[in-house]
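# A structural walkthrough
Chain residues, written in single-letter form:
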Amino acid sequence: MFRMGLTGGIAAGKSVAAQRLADLGAVVIDHDLLARDAVAPGSVGLAEVVDVFGPGVLAADGSLDRPALGRLVFADDEKRRRLEGIIHPEVRRLAAEHEAAAGAADPQAVVVHDIPLLVETGQSDRFHLLVVVDTPAEQRVARLVETRGLPETEARERVAAQAGDGERRAQADVLLDGTGSPDDLRRQVDELWVRVRQEVSEELEAEELGG
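Throughout what follows, the structure given in this document is the object of discussion. All values reported here derive from a predicted model rather than from experimental measurement.

Let us now look at the overall build of the chain. Helix and strand counts for the chain stand at 9 helices and 5 strands. In sequence order, the secondary structure elements of the chain are arranged as β-α-β-α-α-α-α-β-β-α-α-α-β-α. Relative to the 2.2 N^0.38 estimate, which gives 17 Å for 211 residues, the radius of gyration of the chain is 18 Å and therefore close to what a compact globule would have. By principal-axis analysis of the C-alpha atoms, the chain measures approximately 60 × 35 × 25 Å. Out of the 211 residues in the chain, the part that is buried amounts to 43%. Restricting the contact set of the chain to residue pairs at least 6 apart, pairs at least 24 apart contribute 73%. Counting only carbon and sulfur atoms, one obtains 50% of the accessible surface of the chain, whose full area is about 10900 Å². Of the side chains in the chain, 24 bear a positive and 39 a negative charge, and the two mean positions are spaced by 5 Å.

Let's shift gears to the side chain of Lys 14. By the element assignment, Lys 14 lies in helix H1 (residues 14-24). The exposure class of Lys 14 is buried, given its relative accessible area of 10%.

As a further point, take the pattern of salt bridges. Considering all chains together, one arrives at 17 salt bridges under this definition. For Asp 77, the salt bridge is made with Arg 80, and the minimal N-O distance between the two is 2.9 Å. With Asp 77 and Arg 80 both in helix H5 (residues 77-105) and 3 residues apart, this pair spans about one turn of that helix. Classification of Asp 77 by relative accessible area gives partly exposed; the value is 43%. On the basis of relative accessibility, which here comes to 13%, the residue Arg 80 falls in the buried class.

It is worth spelling out the pairing of strand E5 (residues 174-177) at this point. Where burial is concerned, the two faces of E5 differ: the one with Val 174 and Leu 176 is buried and the one with Leu 175 and Asp 177 is not. Taken together, the 4 bridges between strand E4 (residues 129-134) and E5 define a ladder with parallel strand orientation. Paired with Asp 134 across the strands is Asp 177, a residue of E5.

Pairing within the open sheet is parallel, and its 5 strands lie in the order E2-E3-E1-E4-E5. Only two strands of the sheet have a single partner each, and these edge strands are strand E2 (27-30) and E5. Between one strand axis and the next, the sheet turns through 25 degrees on average, direction left out of account. In this structure, E2 lies alongside strand E3 (residues 110-114), joined through 4 bridges in parallel fashion. Bridge pairing links Asp 30 to Asp 114 in E3. Sitting on the sheet, H1 touches strand E1 (2-8), E2, E3, E4 and E5, and the angle it makes with E1 is about 155 degrees.

Criteria and cut-off values
- Residues numbered from 1 in each chain as written.
- Predicted model: local features only at pLDDT ≥ 70, side-chain atom pairs only at ≥ 80, totals over all residues.
- Heavy atoms only, no water.
- Helix = DSSP H or I, 4+ residues; strand = E, 2+ residues; numbered from the N terminus.
- Rg over C-alpha atoms; globule rule 2.2 N^0.38 Å.
- Buried < 20%, exposed > 50% of the residue type's maximum accessible area, 1.4 Å probe, protein only.
- Contact = heavy atoms within 4.5 Å.
- Areas by Shrake-Rupley, 256 points an atom, 1.4 Å probe, with all protein chains shown as cover.
- Lys, Arg positive; Asp, Glu negative; His and termini not counted.
- Charge placed at Lys NZ, Arg CZ, Asp CG, Glu CD.
- Salt bridge = Lys/Arg side-chain N within 4 Å of Asp/Glu carboxyl O.
- Pairing = 2+ DSSP bridges.
- Axes fitted to C-alpha atoms, helices over the stretch in contact; angles between N-to-C directions.

Here it is in structure tokens:
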């Protein structure tokens, strides 16, 4: 099994890259989705979040009010760390379960862990290949304002809450340029996929010869 880590700053284009990898045949484990599962209604995670941040982070139906929670944590490093301490361990447990299932189904699977805070959480050395979608911070702020309707102040807070561009670049094995169009990014992913499948084939061949 080939394990790839995929990351990038908010609004860098990571979701486009992840979807293209899935289209090409990778097993994509979306850690954002797992983070939602970790605080689903009735979960221990949600109970812990409410205990720490108060009932104001709950929506009327008892689910997590993500915008309300976001306003609390993105501008406050201490609160953000407390939230991460609740969610991240559960996300890693769920991700390990998904990866094990993928490996059992196909020992040659390419498993992509789509992790927004991969660098920030010290997971850079867990993968055969670490891929970063690289888009400058100012362009990402503009995207958040234009495409997601965030006020500029909030957009800058969200970008500032993550690792800096240089920190992600320093950890990357592969940089994908996210400054262009989605089609430009998809073409880069296609080229990467050829490289990855070749590497998987070569490793399999080496194992067979060695065996």
